[in-house]
Amino acid sequence: MDEARLGVNIDHVATLRQARGTTYPDPVTAAALAELGGADQITIHLREDRRHIQERDLRILRETVQTRLNLEMAATKEMSKIAYEFKPEMATLVPEKREELTTEGGLDVALHRDAVKETVRFLKDGDIRVSLFVDPDIDQIRAAHKVSADAVELHTGAYCEAKSAVLRKAELQRLLDAAKTCAKIGLPVYAGHGLNLVNVGQVASILEITEFNIGHSILARAVFIGMQAAVAEMKTAIRQARRPGA
Ligand code: PXP
């Protein structure tokens, strides 16, 4: 069976904490429970405006995470220095706009090639693997390969938010074509954004994709059934979609 890693994004645990300025719920506790539920990686986004995850969370998680830590970050000097200091196993470069609700589009690697290249080089010098969060677009994948990224994470938002079956099918095809291009050039390919129990199966059945980063839907389920159970059921959904003949 082709196993895939599940990275659990715990940002929204911090969102709930920051909403009241309390010390709870603690993303550190959430990470430990996610790992007990079968998470293969803990993903956090330290945003420039610090709206959810704080440096304190990164510092403690660096010590407590038993699996792998994936730090999503903007390609800035400030964030690069922080990543270099804390050494997550992987940094995922994402575009960041202050007014957005969440990461709305992929990084335009082709447009910001020099800045991205410089950040990739700096982080790799610090022994950090670097993944680029891009739209499922062949030019972006080629650009990611050219700047020596270690992997790309395909933005699944357009697929997840497609309003009709025709659009959904077209977006799934884009993901499939992008994943096959990555496989052809030897670039590890991951996926994330907007995935939930209903839509994850089709994307998880693309065997070239070897890692999924999922946050909001897992935490939404965790409110009702608990963190461990919510992570475990997402792992099961991904595993089932990758079974031969599924
Ligand atoms: N991957 C990346 C690069 C992201 O920016 C996000 C959102 O923070 C996710 C995955 C997870 O998206 P969602 O919360 O919609 O599952």
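Before reading further, recall that the structure is shown in the block above.
Residues numbered from 1 in each chain as written. Predicted model: local features only at pLDDT ≥ 70, side-chain atom pairs only at ≥ 80, totals over all residues. Heavy atoms only, no water.

A.B. asks: Can you help me understand the overall build of the chain in this one?
C.D. replies: The secondary structure content of the chain amounts to eleven helices and eight strands. For 246 residues, the compact-globule estimate of 2.2 N^0.38 gives 18 Å, and the C-alpha radius of gyration of the chain, at 17 Å, lies within 12% of that figure. Residue burial in the chain is summarised as follows: out of 246 residues, 49% are buried. In the chain, the proportion of contacts linking residues at least 24 apart, taken out of those at least 6 apart, comes to 69%. Here the chain displays about 11,600 Å² of accessible surface, and carbon together with sulfur accounts for 53% of that area. Positive and negative side-chain charges of the chain, numbering 33 and 35 respectively, have mean locations separated by a distance of 2 Å. (Helix = DSSP H or I, 4+ residues; strand = E, 2+ residues; numbered from the N terminus. Rg over C-alpha atoms; globule rule 2.2 N^0.38 Å. Buried < 20%, exposed > 50% of the residue type's maximum accessible area, 1.4 Å probe, protein only. Contact = heavy atoms within 4.5 Å. Areas by Shrake-Rupley, 256 points an atom, 1.4 Å probe, with all protein chains shown as cover. Lys, Arg positive; Asp, Glu negative; His and termini not counted. Charge placed at Lys NZ, Arg CZ, Asp CG, Glu CD.)

A.B. asks: Teacher, can you tell me more about unusual backbone geometry here?
C.D. replies: Note: most peptide bonds trans; most residues except glycine with negative phi. Of note, the bond from Tyr24 into Pro25 is cis; its omega dihedral lies within 30 degrees of zero at -10°. Checked against the element boundaries, Pro25 lands in the loop between helix H1 (11-20) and helix H2 (27-36). Backbone geometry at His193 places phi at a positive 110°, although glycine is not the residue there. Relative to the elements of secondary structure, His193 occurs in the loop between strand E7 (189-192) and helix H9 (200-204).

A.B. asks: What is the right way to look at the layout of surface pockets in this model?
C.D. replies: Taken as a whole, the second largest pocket encloses approximately 290 Å³ of empty space. Taken together, 14 residues form the lining of the second largest pocket, with His12, Val13, Leu16, Leu219 and Val223 sitting closest to its centre. For the lining of the second largest pocket, the secondary structure elements donating two or more residues are H1, H2 and helix H10 (216-225). (1 Å grid on protein atoms, 1.4 Å probe; cavity = no way out; pocket = protein on both sides within 12 Å on 5 of 7 lines; lining within 4 Å. Points joined across faces, edges and corners; volume = space filled by probe spheres on them.)

A.B. asks: Help me out: how do you make sense of helix H11 (residues 227-241) in this one?
C.D. replies: Each full turn of the α-helix corresponds to 3.6 residues, which orients residues three or four apart in the same direction. End to end, H11 covers 22 Å across 15 residues, agreeing with the expected 21 Å (1.5 Å per residue, within 8%). What H11 keeps buried is the set Met227, Ala230, Val231, Met234, Lys235, Ala237, Ile238 and Ala241. Down the axis of H11, the smallest arc covering the buried residues is 160°, so these residues share one side. For H11, the elements touching its buried residues are strand E1 (5-9), H2, H9, strand E8 (209-214) and H10. (Expected span 1.5 Å × (residues − 1). Arc of directions from axis to C-beta.)

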